[in-house]
Amino acid sequence: MPALATRLSRTRTAATVSQTIKARALTEAGHDVIQLTIGEPDFHSPRHAIDAAYEAALAGDTKYPPQDGSKALKLAVQAKFKRDRGLDYALDEITVSNGGKQALYNAMMATLDDGDEVVIPAPYWGAYGLMVQVAGATPVYVTCPQNNGFKLRPEDLDAAITPKTKLLLLNLPNNPTGAACTREELAAIADVMRKHPNVWIISDDMYEHLVYDGFEYTTIAQVAPDLRERIVTISGVSKSYAMTGWRVGFAAGPKELIRGMTLMQGHATAGVSAPGQAAAVAALNGPQEIVTEMRDIYRRRRDMVVDALNLMPGISCHRPEGAFYVFPNIAGTIGRTTAGGKLIETDQDFAAALLDEAHVALVHGAAFGMSPYLRISYATDDDSLARAMTRMAEFVAGLH
Ligand code: PLP
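Residues numbered from 1 in each chain as written. Predicted model: local features only at pLDDT ≥ 70, side-chain atom pairs only at ≥ 80, totals over all residues. Heavy atoms only, no water.

K.L.:
I'd like a rundown of the packing of helix α12 (residues 347-358) against helix α13 (residues 382-397), residues and numbers included.
P.N.:
Relative orientation of the contacting elements α12 and α13 amounts to 110°, with a least axis distance of 11 Å. As far as their axial angle goes, α13 and α12 are roughly perpendicular. Read as a crossing pair, α12 and α13 show a hand that is right-handed. Across from F350, A353, L354, E357 and A358 in α12, the residues of α13 making contact are R391, M392, F395 and V396. (Axes fitted to C-alpha atoms, helices over the stretch in contact; angles between N-to-C directions. Helix = DSSP H or I, 4+ residues; strand = E, 2+ residues; numbered from the N terminus. Parallel < 35°, antiparallel > 145°, perpendicular 65-115°, else oblique. Left-handed = near helix turned anticlockwise from the far one by under 90°. Contact = heavy atoms within 4.5 Å.)

Written out as C-alpha cells, the structure reads:
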C-alpha cells in the first residue's frame, strides 16, 4: 500500500464518538443501554422547517447553491445577529457552512499556519484540538477551574499567550461544562485581548439560546465592538432548533476572513445542501417559541440530573448556566471498586465500568481535558434520564 499522509498521525477519532460507537455495539448485542453521550437534541426539527425544505425542493431549489450560502439564508443570518445580539453584519461578512463544525474548520484553515499556537480553555470540546492539529498548529490548553465556575480567568489567558499565539477559541455556553460568561466576565477577557492585537478570536456560540434561570447571553463581539475586526462568531441551527442532521451552520466576521473561509469551504464542498438552507431560513425567520419551549424542558432536566447526582456519595455536580451538559466531579469515587470488581483509578475507568455494569453511556472528563469528571448530556427524554440516574445511583451505591 502506498504511504498515507502524515497529517493522519496528527489526528484521531474524538472520544465522544468512540464512546457512542461502543454503546451502539452493546445495544445491537441486545442490551438496554441508555445513551447520555451525544450532544444531540431529542426533539424533532420544527415542522415549518421541514415543510420549507420540501417546498424548496419541489420548486426546483435543487441546484448547486452559492458557496457562501443562499441569499435568503444570509439575510436570515444577518437578521438573526441583529435581533439576538444587536450586531450589524453586511452580507459579505457572513458565510454559511455544513454545520457549525465546518465553519470552525474553515476559520482555522483560514487563519492558522504551521507552528502557530491556539489558546483553548479547558475543559473543551475535543474537536477543537484535533482540528487545530490538522491545520498544523498547536493547541495550548488553559484550565478553567471548577471554583471559578469552569470559566476562563483573565490572568490565565494572559499568561498563555505567546508571540506564537494566533487564535483564541471561546465556547460559551460551554461543551462540556455548560458554563457561560456574563457581560463583565467577557469584558475582562476582552481587556486581555486588547493587549494582544495579533490574535484572532473565534466565538463558538452554538449553544447561545440554551441558557437558563434568566441568564442573559452575550457574545464577545457585543462586549468589545473595538475588537470586531478580529472576531468571528459561529453558530447554527443544530442545537437551538433541533436540526443537527440538516448540517447548516454560519459565521459572521470581517470580510477578508469570511472570504478566506468560503475559499477553504469551496475546496472541500460546493456549498451547503439547498433544501437544508431553505429549512434553516424557515427556522431562523419563523416562530421562535419552539426555542423557549425546548429551553424550559432542558432547564427542568438539568435540575433533575444535578439534584440526582448531588445525592450520590463521592460525586458533586456544579449547576451550570447553559447548554445541555453537566460535568460532575467524581473525585470521591476514585480508588474504590465496583460491584463487578473493577478498580476505579480514573474517570475513564468509571465511564467504562458504568457502561459495562449499569449500561449507562457517558463520556469521561479526560476526553475534554479535565479529570476526574464525567460529561452527561441531558438532551434525552425524561424517562431515559430518570432511569439512567437510578442506575447510576445503584452503581455508585455498590462501590466499596
Ligand atoms: N461547537 C460545539 C461546542 C459543539 O458542541 C458542536 C456539536 O456538538 C458544534 C460546534 C458543531 O455543531 P454542528 O452540528 O452545527 O456542526
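K.L.:
A description of the pairing of strand β4 (residues 138-143) should follow, citing residues and the corresponding values.
P.N.:
Across 6 bridges, strand β3 (residues 117-122) lies against β4 in parallel orientation. Within β4, the residue paired with V119 across the bridge is V140. Remark: the β3/helix α5 (residues 127-134)/β4 crossover connection has right-handed handedness. (Pairing = 2+ DSSP bridges. Right-handed = clockwise from strand over helix to strand, strands pointing away.)

K.L.:
Please provide a residue-by-residue account of the environment of A76, values included.
P.N.:
If you trace the backbone, A76 turns up in helix α3 (residues 71-85). As for A76 and V281, which are separated by 205 residues in sequence, their C-alpha atoms are 5.9 Å apart. Leave out the neighbours within four places in its chain, and A76 touches V281, L284 and N285.

K.L.:
Give me unusual backbone geometry: which residues, what numbers.
P.N.:
Cis geometry marks the peptide bond from N175 to P176, where omega comes out at 25°. Among the secondary structure elements, P176 is positioned in the loop between β5 (165-171) and α7 (183-194). In this model, S371 is joined to P372 through a cis peptide bond whose omega is -10°. Structurally, the position occupied by P372 is in the loop between β11 (363-364) and β12 (374-377). Even without a glycine there, the phi angle at A242 is positive, about 55°. On the secondary structure map, A242 appears in the loop between β7 (231-236) and β8 (249-252). Non-glycine residue R247 carries a positive phi angle of around 55°. Within the secondary structure layout, R247 lies in the loop between β7 and β8. For R247, a relative accessible area of 34% puts it in the partly exposed group. (Buried < 20%, exposed > 50% of the residue type's maximum accessible area, 1.4 Å probe, protein only.)

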